[in-house]
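Per-entry structural report
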There are 4 protein chains.
Amino acid sequence: MKIGTTRAETFSDGVIAIIITIMVLALKLPDFDRDTTSWRMINHLKELIPYFTAYVFSFMMIGIFWTNHHHMFHLLEKTDEHLLWQNLLFLFFMSLIPFATAMIGANPLLSVSSALYGLIMLMTTMMLAVMRHYTILKKLIHQGEDKKTDKKLTLASLKGRNKSYLGAAAYLVSIPLAYVHVYLSFVCFAIPPIIFFIPTGIDDEELSNKIEEKNASKINPA
Amino acid sequence: MKIGTTRAETFSDGVIAIIITIMVLALKLPDFDRDTTSWRMINHLKELIPYFTAYVFSFMMIGIFWTNHHHMFHLLEKTDEHLLWQNLLFLFFMSLIPFATAMIGANPLLSVSSALYGLIMLMTTMMLAVMRHYTILKKLIHQGEDKKTDKKLTLASLKGRNKSYLGAAAYLVSIPLAYVHVYLSFVCFAIPPIIFFIPTGIDDEELSNKIEEKNASKINPA
Amino acid sequence: MKIGTTRAETFSDGVIAIIITIMVLALKLPDFDRDTTSWRMINHLKELIPYFTAYVFSFMMIGIFWTNHHHMFHLLEKTDEHLLWQNLLFLFFMSLIPFATAMIGANPLLSVSSALYGLIMLMTTMMLAVMRHYTILKKLIHQGEDKKTDKKLTLASLKGRNKSYLGAAAYLVSIPLAYVHVYLSFVCFAIPPIIFFIPTGIDDEELSNKIEEKNASKINPA
Amino acid sequence: MKIGTTRAETFSDGVIAIIITIMVLALKLPDFDRDTTSWRMINHLKELIPYFTAYVFSFMMIGIFWTNHHHMFHLLEKTDEHLLWQNLLFLFFMSLIPFATAMIGANPLLSVSSALYGLIMLMTTMMLAVMRHYTILKKLIHQGEDKKTDKKLTLASLKGRNKSYLGAAAYLVSIPLAYVHVYLSFVCFAIPPIIFFIPTGIDDEELSNKIEEKNASKINPA
């Protein structure tokens, strides 16, 4: 059954919004006495630095995942049962990011923390690539107006998919590297944000206006 | 008073999104010293396996509940006061899933954990069946275009309802079985996802396009 | 500045959805050893009964508040700056319900728990009445088609407001009664749900269809 | 790529709704024995007063931020990649408010608590100003109907931006003042709400009707 994309987007947005926000709950200070000094407070804050760093990084990655998810669904005309389940699996792996963040934030230099963080990020990025791949394969993206537009839209989807594959590759490599030296895995973690930030070059105004029009006119209940 | 389905869907999506996500908060490691070894960390991770398994299962079931809720509301033309309250009761039982998941995850082999998990799942699935039943009875589903379409839509609703009854039956049986042998209740828990994953066979393109059009044109404020 | 009602509704729905769901986080068992017996587990579950009762009650009340909020905004054509702030104040008092629920759930027989619960419920219900009053006063409800419809819509709003005042009165009385005898305040808590459940009698199909049409055609961006 | 504003608004609303609500989780009483007296309960409640005060203040500020965010996006015709990232940074700083609130609530008289609270509020307010500035610069606000309307809309955006700069200035000053005397920083914290509450004077009905119409007709998928 082919269905409109709206409710899947709303639900995903809700889940992603909660995931990105509950990570902050792990950022907490011990219960202090009323007579705590500024000095002791600062010392406690210093201990939070590794977690805070992990939080910043995970927040940015979830933001990137959301933007990519947004862009992917933006190009879709319809969704189907299978894509909904892939989307759920994507959200499942994403839901583990707060746990992995807490783990790496508490013990940043342990190989196992870094490897697990890399694994969860790998699975999330892979699911993004899989969804891109599926929507191209099943022709769920907008189509039919003219050949040139169709080609451009497919190209945009392909670029999105390849970026996700590249990001996933970096995370894949980070897992064994965490056991060689934990800092090497940190280097790998820095690669996907760079990949995703490099503009894709399909940003011509004309095309994006066309998609907007198609989205506005598409059968989109609720 | 008959009202549009949008805000009920948005609110339900919000609640379901939160329920599915806060379960991850129970997945946590003890506060470690900075000098924890990878070995001790792995041991702690091993202890999380039962909870993680329960988390995966509950995440999947909530995903199934959401998809079914989505499909049910998709077929509706309007909602009414009574359905809103049934929906709230559905959300109430669903809101207990994180508690039941934490309980079964902490003590998976206790009969009482398994029985309680089965009970909460039973109530949630029953409410889904009750809502399907009510919408058929009160003719809240799209109607009036032609006899053939009307029949197909009613059939789709009936199939959805029967699946929910079957799922509920499996959970009902799981409760006494938890006291015979806890693994027998686990077998019961595996049945509803199978029932829900078997395609219903009403997925003809033509019909779903018709519903989409009706949804798009229905009186749907906000 | 008069603005569309959609984003205020979405935001409120989000906040209410979170409030209603995070209450379940207080429903938790102590960390058990792996060798806990079913017997000990059941004893712990028994201790949760007061909290569970409070949870059921608060869940129902938040559901009622949401339904009333939904109905109120349903009748509105536009919102303004002042109503947005009243709405925020409404959400603020509502956000204290999980705290009051945890308090009364932990110590149900203390006068102070009951009085505080009554106070927070009083403030929330009052804000609902205030918003109803304000929308009637500032003529924010749908108007202008014909005199009969205008009258009916104003009447519906007035009835909604009066119900909220009655509910607030019951909560007001519950506060001093909690110090006479705590069970007397529980009796008061039972009154508002009864008031809100009694149908208002303005549910004629014709009128609700008219509002739906007006909402669908109203200037309602995003 | 220029894209519709809807999904960015929905996602932001979700995140802000969660931030404003999870702050209440820090408002909790210790686990009591069943035989606690009202007296001891009241003593514990008294200890929550500083946190409760901080909670009220942060709730109000987040409400103000949401209203301003709402107004800003209300004037936009489209959004772009850069604005989405600025928005994410805005949400990031906002997500730290619950942490800062818990910190200042636990130790209100420590200079470091007050300075950190001021810093996080400064960054959030700055991002609001930056976004206002960017949308004016990149002409993302509604344009093209007639010169008078265009001018008015730009003026409204400029006023919104300047208010944010003023608020940010107050928070900036609060940081060093927290080390002079902590109460001086509290005085600074009182300034931004006053700035934001003073009406901007662009509230002519005619103009806001025009924007509403433009928003309703704008290319706004999903």
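Attention now moves to the overall build of chain A. Across its full length, chain A carries nine helices and zero strands. The buried share among the 222 residues of chain A stands at 59%. The long-range share in chain A, meaning contacts at least 24 apart out of those at least 6 apart in sequence, stands at 82%.

Here we take up a positive patch on the surface. There is a patch of like positive charges on the surface, built from A:Lys28, B:Lys28, C:Lys28 and D:Lys28. By the secondary structure assignment, A:Lys28 is in the loop between helix H1 (6–22) and helix H2 (38–47). What makes A:Lys28 exposed here is its relative accessible area of 60%.

Further remarks concern the side chain of C:Ser164. Residues and elements named next belong to chain C. If you trace the backbone, Ser164 turns up in helix H7 (residues 147–180). On the basis of relative accessible area, Ser164 is assigned to the buried category, the value being 1%. Each residue touching Ser164, except ones within four places of it in the same chain, is listed here: Thr125, Leu128, Ala129 and Phe196.

Counted by the stated rule, this structure contains 52 aromatic pairs over all chains. Judged by centre distance (6.4 Å) and plane angle (50°), the rings of A:Phe57 and A:Tyr117 are tilted. Within this pair, whereas A:Phe57 is found in helix H3 (residues 49–74), its partner A:Tyr117 is found in helix H6 (residues 111–137), the two being separated by 60 residues in sequence. Residue classification places A:Tyr117 among the buried positions, given a relative accessible area of 3%. Taken together, a centroid distance of 4.3 Å and an interplanar angle of 15° make the contact between C:Phe11 and D:Trp66 stacked. Here the residue C:Phe11 occupies a position in helix H1 (residues 6–22), and D:Trp66 occupies one in helix H3 (residues 49–74), the pair thus bridging two chains. D:Trp66 carries the same exposure label as C:Phe11, and that label is buried.

Residue and element names in this part refer to chain B. For Lys139, which is not glycine, the phi dihedral falls at a positive 50°. Within the secondary structure layout, Lys139 lies in the loop between helix H6 (111–137) and helix H7 (147–180). Lys139 sits in the exposed class, given a relative accessible area of 56%.

All names here are of chain A. At their nearest, the axes of H6 and helix H8 (residues 182–197) sit 9 Å apart, and the two run at 25° to each other. As the angle between them shows, H6 and H8 are arranged roughly parallel. Note on packing geometry: the crossing formed by H6 with H8 is left-handed. Side by side, H6 and H8 meet where Ser111, Ser114, Tyr117, Gly118 and Thr125 of the first sit next to Val182, Ser185, Phe186, Phe189 and Phe196 of the second. Its residues placed into classes, the contact of H6 with H8 shows five nonpolar, five polar and no charged.

Between its terminal C-alpha atoms helix H3 (residues 49–74) of chain C stretches 37 Å, which fits the 38 Å expected from 26 residues at 1.5 Å a residue. Within H3(C), 19 of the 26 residues are buried, which leaves it mostly tucked inside the rest of the structure.

Attention now goes to the packing of H6(B) against helix H2 (residues 38–47) of chain C. Where H6(B) meets H2(C), the closest approach of the two axes is 8 Å, and the angle between their N-to-C directions is 50°. Accordingly, the angle class assigned to the pair H6(B) and H2(C) is oblique. Residues B:Ser111, B:Val112, B:Ser113 and B:Leu116 of H6(B) pack against C:Ser38, C:Met41, C:Ile42 and C:Leu45 of H2(C). Of the residues belonging to the contact of H6(B) with H2(C), the class tally is five nonpolar, three polar and no charged.

For chain A, per-residue confidence averages 84 on the pLDDT scale, and 84% of positions sit at 70 or higher. Element-level pLDDT for chain A is lowest in helix H9 (residues 205–217) of chain A, with a mean of 62, against a maximum mean of 94 in H6(A).

Now for helix H1 (residues 6–22) of chain D. Over its 17 residues, H1(D) extends 24 Å from the first C-alpha to the last, a length consistent with the 24 Å expected when each residue adds 1.5 Å. When you tally the buried positions in H1(D), you get 15 out of 17 residues, the bulk of the element.

Next up on the list: the environment of B:Ser111. With respect to the helices, strands and loops of the structure, B:Ser111 is situated in helix H6. B:Ser111 gets classed as buried once you look at its relative accessible area, which sits at 17%. Between the C-alpha atom of B:Ser111 and that of B:Ile64, which follows or precedes it by 47 residues, the distance is 25 Å. Once residues lying within four places of it in the same chain are set aside, the contact partners of B:Ser111 are B:Ala178, B:Tyr179, B:Val182 and C:Ser38.

Residues and elements named next belong to chain D. You can see Tyr134 is positioned in helix H6 (residues 111–137). Relative accessible area serves as the criterion here: at 10%, Tyr134 is assigned to the buried category. Separated by 51 residues in sequence, Tyr134 and Ser185 have C-alpha atoms that sit 30 Å apart. If we ignore the near neighbours within four places in the chain, the residues touching Tyr134 are Asp80, His82, Leu83, Gln86 and Leu140. At 2.7 Å, the side chain of Tyr134 forms a polar contact with the side chain of Asp80.

To continue, consider the side chain of D:Ser95. With respect to the secondary-structure elements, D:Ser95 resides in helix H4 (residues 81–95). A relative accessible area of 1% means that D:Ser95 is categorised as buried. For D:Ser95, the side chain forms a polar contact with the side chain of A:Tyr55, separated by 2.5 Å. At 2.6 Å, the side chain of D:Ser95 forms a polar contact with the backbone oxygen of D:Phe92.

About the criteria used
Residues numbered from 1 in each chain as written. Chains lettered and ligands numbered in written order. Predicted model: local features only at pLDDT ≥ 70, side-chain atom pairs only at ≥ 80, totals over all residues. Heavy atoms only, no water. Helix = DSSP H or I, 4+ residues; strand = E, 2+ residues; numbered from the N terminus. Buried < 20%, exposed > 50% of the residue type's maximum accessible area, 1.4 Å probe, protein only. Contact = heavy atoms within 4.5 Å. Patch = residues over 30% accessible without salt bridge, like charges linked within 9 Å, V, L, I, M, F, W, Y side chains within 5 Å. Areas by Shrake-Rupley, 256 points an atom, 1.4 Å probe, with all protein chains shown as cover. Salt bridge = Lys/Arg side-chain N within 4 Å of Asp/Glu carboxyl O. Lys, Arg positive; Asp, Glu negative; His and termini not counted. Charge placed at Lys NZ, Arg CZ, Asp CG, Glu CD. Phe/Tyr/Trp six-rings, centres within 6.5 Å; stacked < 30°, edge-to-face > 60°. Axes fitted to C-alpha atoms, helices over the stretch in contact; angles between N-to-C directions. Parallel < 35°, antiparallel > 145°, perpendicular 65-115°, else oblique. Left-handed = near helix turned anticlockwise from the far one by under 90°. Nonpolar A, V, L, I, M, F, W, Y, C, P; charged D, E, K, R; others polar. Expected span 1.5 Å × (residues − 1). pLDDT = per-residue confidence, 0-100. Polar contact = N/O pair within 3.5 Å; in protein donor to acceptor, adjacent residues only side chain to side chain.

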